[in-house]
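Topology and contacts: notes
Here is what each chain is made of, one letter per residue.
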Amino acid sequence: MQLPVATAIPALARALGAHGVAVLQAPPGAGKTTLVPPALLGEEWLGGRRILMLEPRRLAARAAARHMARMRGEEVGGTIGYRVRHDTRVGPRTRIEVVTEGVLTRMLQEDPGLESAGLVIFDEFHERSIHADLGLALTLQSREVLRPDLRILVMSATLDGARVASLLGGAPIITSEGRAHPVRIRYLGRAEALRIEGSVVAAARMALMETEGDVLVFLPGAGEIRRIAEQLESGLPRDVRVAQLHGSLPPAEQDRALEPAGSGERKVVLATSIAQTSLTIEGVRVVIDAGLSRVPRFSPKSGMTRLETVRVSRASADQRAGRAGRVAPGICYRLWSEGEHASLLPHDTPEILEADLVPVALALAAAGAPDPSELAWLDPPPPAPFKGAVALLGTLGAFEDGRIAPRGREMARLPVHPRIAHMLLESARSEGGPTAADLAALLGERDIFRWSDGPPPTDLRLRLDHLRDGRRSDSVADAGAVARVRAEAAELRRTTKFPAGPSDADKAGAVLALAYPDRIARRRPGAAPRYLLSNGTGAALDRGDALAPEEFLVVAETDGARPEARIMLALPIAREEIERELGALIVGEDLVAWDGASGAVVARRRRRLGAIVLDDAELRAVDPELIRSAVIEGLRREGVASLPWSDAALRIRERVAFLKRLDPAWPDLSDAELKATLQDWLGPRLEGVRRRAELARVDLVPALLSLIPWELRSRFDALAPTHIVVPTGSRIPVDYSDPSAPVLAVRLQEMFGLADTPTVGGGKVPVTLHLLSPAGRPVQVTRDLAGFWKSSYFDVRKDLRGRYPKHSWPEDPLSAEPTRRARRREG
């Protein structure tokens, strides 16, 4: 039976011939992965060159290559081949290469023009793997700069084709119908009392009773798959076989999971999202979807990537359900409610927005495009995490003066994370090579230990010992994982040409530090095993952990929790090993700073590795200028309000503020301005001051007066007098606390005989008179003394005569003699 995509291939071939780029939208099951590449081999525009097809998963790449080869009656490695990590099946006659992961990126680094290729296909682009985004950006640059004849085809099932077409410069969009049978959706929810394993096992047993055909179960990770397989196998009928399918399985076991069930047999395939697209598992008519996926989440703050279990998107849920309708009408059991389905995100977040960008930054630099803004992206790498990635690569020696260094090019050629590549290359110069290879393999594989009674131990030395001589029992170590780690370590030894020999667990900490210089951890003071990492984050061990007494650790993995992560994998490292291996990163500094808690300047000589202080001693001979600067900086942090302001100093600030309202030429003595100019007006008067208590001896009055220009200084007292002389001869202070209305508080009787309100500001501003009773209480507030004598005074006089009969309250205040006292008693 012809696959649906076949009818779209002629239009696709014409579009690629005419425009050089195209987008093919075809739902799962249309046949695009295995039918399109062979159908384009004979096109004239290909010119006999190869077709490269990028698949986001190794399992899918191998399966697609085998299926295409089988369709031609050939073995893989003939016309059709594949190239994945540690597994290459290509030959001199190979015309279609299915590649994955960073293989295409490394091909572009070695041959930026991809001279032997005529077409690059990006399959399942809707998965938005970071390798696909990076590969497409580099391929587009190659086409623009070096190879205008290079064709690019993006194939997707659910992605917005218009966006991709726009990225490709207005590429034609070819659409194909799918081959799907109806799939009935049944929402089961999840029993609150059951963990995910219990809900899945119950749903699987129900599906086997209610339906026909094979069952495909989507689970978040290998751990859940393993536990559910153990529970299912104990109670299934003999004609039902359970198969596991996830990325950490050996290829042979993955292939067995894809094989059709035998005659009279049913199969239950427990899979991660690896089975969501690309792969076709024949015979599946039932899907059970746990609704969860495990995705990497990178934290720029901690510099660590952790796997996080998240709810699937609606697009992913639809793809999973579609697997039940490939061969016949099917059913999908969803372990969530219909209401919950509406709250799912429409699409998955592109990996490039949340992943560790260190490999991307190194790959771009190795390809001659260190600035990502110069490339075309569907979603560009976020600037802040990318900047952090470049900084780390500089620490690892991959960059010099902002450009890739020879060491960086060596790192880019190794098929491992740049951290691990740096560890391998540095260890090659010493006897640590075998240890580095074992560590790299261990960190690239899921934990080789299984522990049923709690979390496994954090000490990586236990795993190194087991790789060397199998000290752990089979019930604890996963034989399959151990075999994969040993094979990976052997391949790394071969690639890096390490000499033969066992790893040395006692020196492993120094080796691991080469990969994680930003994750050296020092134990904090106290009984609990809490640590500060050199990147500034905190982490902790369980109290009973064997590594808890260690002062220094190298942390390879944490659980990413906040505010303090739990250490999952680590190695001890000695102080002298840190000095030897990371000496170039240790910074010596003399710290002279203000300590707000003690209120004094602290002078210390320190040596630091990032946030970790290795040595800290008192610095005795200190430059007085450094002390002065530290005091100024401390006062800036605490604010000028913390200074010991005298009344005289505060009055100067108030008088100047009043004058500045009248004339902008007067200086600004506000808190903000004084804080900004502390060094200028206060700095010269801080000689010998290094404690808060010693600030009391600093006279702030001359310091403030120094800010007033000389030409204004001579008029200061005349324009803003501190006192005004009233008719009795008393010198009454003027209150300038409100710069818009200076106040003169004076007894009413002392103002007898004065016709007009006193003024300040060169006669421009009448003061606000607070006229007081003999007891000093305000009886009238006015800025018009003449008007007061004519009107309000008589009402005030009537009241005061009753309350203060011994005082003189004349009918004519302007002709009366001012007085400070009561009138003399007559006779």
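Before reading further, recall that the structure is shown in the block above.
We now turn to the structure provided with this report. Quick caveat, the model's predicted, so the values are computed rather than measured. All chains use their own residue numbering, which begins from 1 and follows the written sequence. In keeping with the model being predicted, local features are shown solely for residues with a pLDDT of at least 70 and side-chain atom pairs are shown and tallied solely at 80 or more, while totals for entire chains, interfaces and linings include all residues. To obtain the side-chain values, all non-hydrogen atoms of the structure were used and water was disregarded.

Further remarks concern the packing of aromatic side chains. The pairing test for Phe, Tyr and Trp rings, Trp by its six-membered ring, is centres within 6.5 Å, and the orientation test on the planes gives stacked under 30 degrees, edge-to-face over 60, and tilted for anything in between. In this structure the tally under the stated criterion is ten aromatic pairs. On the basis of an interplanar angle of 45° and a centroid distance of 5.3 Å, the ring pair of Phe658 and Tyr736 is categorised as tilted. Taken together, the residues span a long stretch of sequence, with Phe658 in helix 22 (residues 647-662) and Tyr736 in the loop between strand 28 (731-735) and strand 29 (743-747) at a distance of 78 residues. For the pair Phe658 and Tyr736, one class covers both residues: buried. Three or more aromatic residues link up through ring pairs in this structure, and these residues are Phe752, Phe788, Trp789, Tyr793 and Phe794. The ring of Trp645 is capped by Arg653, whose NZ or CZ atom sits 4.7 Å from the centre of that ring. A run of H or I in DSSP becomes a helix once it reaches four residues, and a run of E becomes a strand once it reaches two; helices and strands are each numbered from the N terminus. Burial classes: relative accessible area under 20% of the type maximum marks a residue as buried, over 50% as exposed, and values in between as partly exposed (1.4 Å probe, protein chains only). The rule is short: NZ of Lys or CZ of Arg within 6 Å of the ring centre and within 35 degrees of the ring normal puts a charge over the ring.

Moving on, we get to the nonpolar core. The term nonpolar core refers to a set of buried residues drawn from Ala, Val, Leu, Ile, Met, Phe, Trp, Tyr and Cys, joined through side-chain atoms within 4.5 Å. Core analysis: the largest hydrophobic core is formed by 101 residues, its most contacted members being Leu168 and Met423. Note on contacts: a residue pair qualifies if any of its non-hydrogen atoms lie within 4.5 Å across the two residues. Sequence-distant contacts of Met423, that is, excluding residues within four places in its chain, are made with Ala436, Leu439, Ala440, Val511, Leu512, Leu514 and Ala515. Residues Val656, Leu678, Val701 and Ile732 belong to the second largest nonpolar core, which totals 63 residues.

Looking now at the pairing of strand 12 (residues 266-271). In terms of burial, strand 12 is a largely internal element, six of the six residues being buried. Because side chains alternate across strand 12, one face comprises the buried residues Arg266, Val268 and Leu270, and the other comprises Lys267, Val269 and Ala271, equally buried. The pairing of strand 10 (residues 214-218) with strand 12 spans four bridges and is parallel. Along strand 12, the bridge assignment pairs Val215 with Val268. Paired strands, as defined in this entry, are two strands with at least two bridges between them according to DSSP. Of the strand pairs in this sheet, strand 11 (residues 240-245) and strand 12 are connected by six bridges, and their pairing is parallel. Residue pairing for strand 12: Ala243 is matched across the bridge by Val269. Handedness of a crossover is defined as follows: with both strands directed away from the viewer, a clockwise route from the first strand across the helix to the second makes it right-handed. Between the parallel elements strand 11 and strand 12, the chain passes through helix 9 (residues 251-258) in a crossover that is right-handed.

If you trace the six strands from one edge of the open sheet to the other, you get 9-16-13-10-12-11, paired in parallel fashion. Looking along the sheet, the strands with just one partner apiece sit at the ends: strand 9 (183-187) and strand 11. Going across the sheet, the axis of each strand differs from the next one's by a mean of 20°, ignoring polarity. With five bridges joining them, strand 9 and strand 16 (residues 330-334) adopt parallel strand pairing. Bridge pairing in strand 16 links Ile185 to Cys332. Each axis is a line fitted through C-alpha atoms, taken for helices only over the stretch in contact, and angles between the N-to-C directions span 0 to 180 degrees.

This paragraph deals with the sheet that holds strand 27 (residues 723-725). Strands sit in the order 27-28-29-32-33 across an open sheet of five strands; the sheet is mixed. Each edge of the sheet is formed by a strand with only one pairing partner; in this case those strands are strand 27 and strand 33 (778-782). Put simply, the sheet's adjacent strands are angled 30° from each other on average, direction ignored. Bridging between strand 28 and strand 29 involves two bridges; their strand directions are antiparallel. Within the sheet, the bridge partner assigned to Val734 lies in strand 29 and is Leu744.

Attention now goes to empty space enclosed by the protein. In this analysis a 1.4 Å probe is tested at points of a 1 Å grid over the protein atoms alone, and where it fits but cannot get out there is a cavity; an open set with protein on both sides within 12 Å along at least five of seven lines is a pocket; lining residues have an atom within 4 Å of a point. Grid points are joined across faces, edges and corners, and a volume is the space filled by probe spheres set on the points. Taken as a whole, this structure holds two cavities of 30 Å³ or more when the rule is applied. Put simply, the second largest cavity is a space of about 30 Å³. What lines the second largest cavity is Phe125, Asp133, Leu136, Ala137, Leu167, Ala376, Trp377 and Leu378. The dominant element in the lining of the second largest cavity, judged by the number of residues it contributes, is helix 5 (residues 130-145), at three residues. As a working rule, the residues Ala, Val, Leu, Ile, Met, Phe, Trp, Tyr, Cys and Pro are called nonpolar, Asp, Glu, Lys and Arg charged, and the rest polar, with Gly in that last group. Considering only residue class, the lining of the second largest cavity consists of seven nonpolar, no polar and one charged.

A regular strand places its side chains so that they alternate between the two faces of the sheet. As judged from the six bridges shared by strand 25 (residues 600-609) and strand 26 (residues 612-618), these two strands associate in the antiparallel manner. Note that in strand 26 the partner of Arg606 across the bridge is Asp616. With antiparallel pairing between neighbouring strands as the criterion, strand 25 and strand 26 make up a hairpin whose turn holds two residues, including Gly610 at a positive phi of roughly 60°.

For Asp379, the location among the structural elements is in the loop between helix 12 (358-366) and helix 13 (383-395). Looking at Asp379, the relative accessible area reads 16%, which means it is buried. Pairing of N or O atoms within 3.5 Å defines a polar contact, subject to two protein rules: one partner must be a possible hydrogen donor and the other a possible acceptor, and residues neighboring in sequence count only if both atoms are side-chain atoms. A distance of 2.9 Å separates the side chain of Asp379 from the side chain of Arg128, its partner in a polar contact. Leaving out residues up to four positions away in the same chain, Asp379 has contacts with Arg128, Asp133, Arg163, Pro350, Ile352 and Leu353.

Quick look at the packing of helix 4 (residues 103-110) against helix 5 now. At a minimum axis distance of 9 Å, the contact between helix 4 and helix 5 shows a crossing angle of 30°. One finds that helix 4 runs roughly parallel with respect to helix 5. For the pair helix 4 and helix 5, the sense of crossing is left-handed. Contact residues: Leu104, Thr105 and Leu108 in helix 4; Leu134, Gly135, Leu138, Thr139 and Ser142 in helix 5. In terms of residue class, the contact of helix 4 with helix 5 is made up of four nonpolar, four polar and no charged. Each angle gets one of four labels, with under 35 degrees taken as roughly parallel, over 145 as roughly antiparallel, 65 to 115 as roughly perpendicular, and the rest as oblique. Take the far helix as your reference; a near helix turned counterclockwise from it by less than a right angle gives a left-handed crossing, and one turned clockwise gives a right-handed crossing.

Phi is positive for Leu114, close to 45°, though the residue is something other than glycine. With respect to the secondary-structure elements, Leu114 resides in the loop between helix 4 and strand 6 (117-122). Residue Lys497 is not a glycine yet carries a positive backbone phi of 60°. As for its placement among the helices and strands, Lys497 is situated in the loop between helix 18 (479-496) and helix 19 (508-515).

Each reported salt bridge corresponds to a side-chain nitrogen of Lys or Arg within 4 Å of a carboxyl oxygen of Asp or Glu. Within this structure, the stated rule accounts for 49 salt bridges. As a salt-bridge pair, Arg320 and Asp289 come within 2.7 Å of each other at their nearest N and O atoms. Of this pair, Arg320 sits in helix 10 (residues 314-322) while Asp289 is found in strand 13 (residues 284-289), placing the two residues 31 residues apart along the sequence. The partner of Asp447 in a salt bridge is Arg463, and the shortest N-O contact between them spans 2.9 Å. Placement of the pair is Asp447 in the loop between helix 16 (433-443) and helix 17 (460-469) and Arg463 in helix 17, with a sequence separation of 16 residues. For Arg463, a relative accessible area of 2% puts it in the buried group. Connected via shared salt-bridge partners are Arg128, Asp133, Arg163 and Asp379.

For helix 12, the buried fraction is high: eight of the nine residues fall into the buried class. Among the residues making up helix 12, those that are buried are Val358, Val360, Ala361, Leu362, Ala363, Leu364, Ala365 and Ala366. One or two positions beyond helix 12, positive phi appears at Gly368, with a value near 80°.

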